[in-house]
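The chain contents come next:
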Amino acid sequence: MRLAHRISRVALSPTFRINTLAREMRAKGIDVIDFSVGEPDFPTPASAKEAGKAAIDKNITRYTANEGTLELRQVIAEKLKRDNGLQYPASQILVSTGAKASLYCAVMALFEPEDEVLVPTPYWVSYPDMIRLAGAKVLELEASEANGFKITARGLDGAVGSRTKGLILNYPSNPTGACYDREELAALAKVVIEHDLVVLADEIYEKLLFDQRAFTSIAALGSEIADRTVVVNGMSKAFAMTGWRLGYAAGPKPIIDAMAKVQSHATSHPASISQVAGWAALRSAAGDVARMAAEFERRRNAIIAKIKEIPGLTCVPPAGAFYVFPNVSKLFGRAIGARKLTSGQDVAEALLESARVAVVPGEAFGSPSHIRISFSCAMETIDEGMRRIREAVA
Ligand SMILES: Cc1ncc(COP(=O)(O)O)c(C=O)c1O
């Protein structure tokens, strides 16, 4: 059977690959510490769970509107206004099966062959492959470590060519935790407007921001930038609702309508039960979110201190999300166990073999000098995992 050409342009997510290896080792009885996961370890807030259960009992189990229930879109509109100062009517909001599905619909609705899309690197694994699936071209734009893993307005300006149509902006970032402040965003927005680009702003880690930093959505910086931005957010990370598959997008009506068309032929809407649970979470789980964010901050502080104790590892402290992205290039040329280290991939594989710790190689994010360590696990797990890494590296 001959497969479609487009499929040869993409790879299975490398984060899934390390996960599978770790799972196989566990199945053999090997005790593996898993720092590779991209989801909170907390349970879903009780209010959301109760609402989900009640939805089943009330037989809210049928198809909903393709774009999501009006009730949920109204609550999302209130959230965007209250938290982000964004004004969108429900008709400019699309509810999807996760932020990933919103992003996918946006990419399919906006980009086509000949288009170039700027992707700040390190990037979240799925952006380049989504763009390639749309037949468009990925332009990697270095978010340099020296600049805290952030792109600059100058760098952006220099990278735009005649075919460049879009920019993906994700902050706080997976994998680096980097976050832009208002001034930095204003400078980027100016360049975006000058070059008539469209921005996909992935704000899924918005609520997991540390050191009392305030979050600014780039779309809140004026109507000119809002008119060319699709804001994407979701319930997975802040509300510990990964398995419920619920995300959303808000943006200019023509783009949201086009995304809704894609969605109507792909997934329709997210599960009716998840939509009820998401509605409840957005209305009443702010306290749970704040508690989880505070715990992530405590763990971030602990893991940063431990990384500092490991010779050969350096890292930019993350401003948000639940990942650290240490630079491991000082280990290159050395060995862990029998494995000579020349890349992040080698370091990740060596740590799995010798320390029984699963991390994600930086290659997955376009950055082979790094590894990603997720701290969405208990403090004792962080202590033990970091102890194993320190021992292996020593
Ligand atoms: C940056 C980023 N965007 C989007 C997603 C997708 O989230 P969801 O579970 O809502 O599809 C993830 C999940 O890992 C992510 O890290």
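What counts and how
- Per-chain numbering applies: the sequence of each chain, read as written, is numbered from 1 onward.
- With the structure being a predicted model, the display of local features is reserved for residues of pLDDT at least 70 and the display and counting of side-chain atom pairs for 80 or more, all residues being used for whole-chain, interface and lining totals.
- Heavy atoms from the whole structure form the basis of all side-chain values; hydrogens and water molecules are not counted.
- A helix here means a DSSP run of H or I that spans at least four residues, while a strand means a run of E at least two residues long, and both kinds are numbered starting from the N terminus.
- Contacts are assigned to residue pairs with any non-hydrogen atoms lying within 4.5 Å of each other.
- Remark: nonpolar core denotes a set of buried residues (Ala, Val, Leu, Ile, Met, Phe, Trp, Tyr, Cys) joined through side-chain atoms within 4.5 Å.
- Partly exposed residues are those whose accessible area sits between 20% and 50% of the maximum for their type, while under 20% is buried and over 50% is exposed, using a 1.4 Å probe and protein chains only.
- DSSP-based pairing: two strands are paired if at least 2 bridges between them are found.
- Angles shown run from 0 to 180 degrees and are taken between the N-to-C directions of axes, each axis being a line fitted to C-alpha atoms and, for helices, limited to the stretch in contact.
- Orientation labels follow simple angle bins: below 35 degrees gives roughly parallel, above 145 gives roughly antiparallel, 65 to 115 gives roughly perpendicular, and whatever is left gives oblique.
- Left-handed is the label given to a crossing in which the near helix is rotated counterclockwise from the far helix by less than a right angle, and right-handed is the label when the rotation is clockwise.
- Here the term charged refers only to Asp, Glu, Lys and Arg, the term nonpolar to Ala, Val, Leu, Ile, Met, Phe, Trp, Tyr, Cys and Pro, and the term polar to all other amino acids, Gly among them.

Turning to its location among the elements, serine 274 is positioned in helix H11 (residues 272–284). Serine 274 has contacts with Trp244 and Leu246, leaving out every residue within four places of it along the chain.

As a further point, take the nonpolar core. Grouped together as the largest cluster of nonpolar side chains are 74 residues, with contacts concentrated most on Phe35, Leu200, Met259, Leu351, Ile373, Met386 and Ile389. Not counting chain neighbours up to four residues away, the residues in contact with leucine 351 comprise Ile336, Arg356, Val357, Val359, Ile371, Ile389 and Ala392.

Next up on the list: the sheet that holds strand E13 (residues 360–361). Within a sheet, adjacent strands bond to each other through the backbone by hydrogen bonds, running parallel or antiparallel. Taken together, three strands build an open sheet; the order of strands is E9-E14-E13 and the sheet is antiparallel. Edge positions in the sheet fall to strand E9 (323–324) and E13, since each has one partner strand and no second. Two strands pair when backbone bridges link them, and E13 and strand E14 (residues 371–374) are joined in this way by two bridges, in the antiparallel orientation. Within E14, the position partnered with valine 360 by the bridge is arginine 372.

With that settled, consider the packing of helix H12 (residues 286–308) against helix H14 (residues 379–393). The relative placement of two packed helices comes down to the angle between their axes together with the axis-to-axis distance. Running from amino to carboxyl end, H12 crosses H14 at an angle of 10°, the nearest separation of the two axes being 11 Å. On the basis of the axis angle, H12 is roughly parallel to H14. The way H12 lies across H14 gives a crossing that is right-handed. Contact residues: Arg298, Arg299, Ala302, Ile303, Lys306 and Ile307 in H12; Met379, Ile382, Asp383 and Met386 in H14. Classifying every residue of the contact of H12 with H14 gives six nonpolar, no polar and four charged.

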